[in-house]
Amino acid sequence: MIGTIYYFRPINANNVFPELKNVEKIAFIVRFDEKKDAEFKNIEIKEKEVDYFINLLEMSKYRRVFGETNIQSQTSAFDIAIAHNSSNYSIVINNKGYVVVNEMNSKKKYKILSSKNDTLIKLINEMLNGK
């Protein structure tokens, strides 16, 4: 019982994402939309934009969840690649508050518990608007 409570406790971004420090660049690869076909974006951000995006991830708390890791079907979502000097990994974030982290073919699913006023998808869309 205690192990289950511990497993599902709220955790911060540093325990969810493999590496958030020294990120070289972030690529927004695909934008999934529940009403349209997937849109290949291939937008790279660097430097201050990377810092802003990392800050968006860090302002939330997360909880581990079980279930299907294909969270981009039937909803709006982004497939994002994060390049770090020692490793790369990808994440999928959807508008229902789920995040899947894929590092070396190991997928882990999380639920966003807290965020400021806006959803992460909305903030990402605003950040990428005009690119």
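Everything below is about the structure printed above this text.
Residues numbered from 1 in each chain as written. Predicted model: local features only at pLDDT ≥ 70, side-chain atom pairs only at ≥ 80, totals over all residues. Heavy atoms only, no water.

**Some remarks on the pairing of strand 3 (residues 39-46)**
When strand 2 (residues 23-32) meets strand 3, the two strands line up antiparallel, connected through six bridges. Looking at the pairing, Val30 lines up with Phe40 of strand 3. From the end of strand 2 to the start of strand 3, which pair antiparallel, there are six residues. (Pairing = 2+ DSSP bridges. Helix = DSSP H or I, 4+ residues; strand = E, 2+ residues; numbered from the N terminus.)

**Focus on the environment of Phe66**
Note that Phe66 resides in the loop between strand 4 (61-64) and strand 5 (77-84). The spatial distance from the C-alpha of Phe66 to the C-alpha of Lys107 is 11 Å, given a sequence separation of 41 residues. Beyond its immediate chain neighbours, meaning those up to four positions away, Phe66 contacts Tyr7, Phe8 and Lys109. (Contact = heavy atoms within 4.5 Å.)

**Some thoughts on the side chain of Ser76**
Among the structural elements, Ser76 can be located in the loop between strand 4 and strand 5. By relative accessible area, Ser76 is classed as buried at 8%. The contact partners of Ser76, leaving out residues within four places of it in the chain, are Arg31, Phe32, Asp33, Glu34, Ile93, Asn94, Asn95 and Ile121. (Buried < 20%, exposed > 50% of the residue type's maximum accessible area, 1.4 Å probe, protein only.)

Everything listed here is a matter of coordinates, which is why it stays silent on function.
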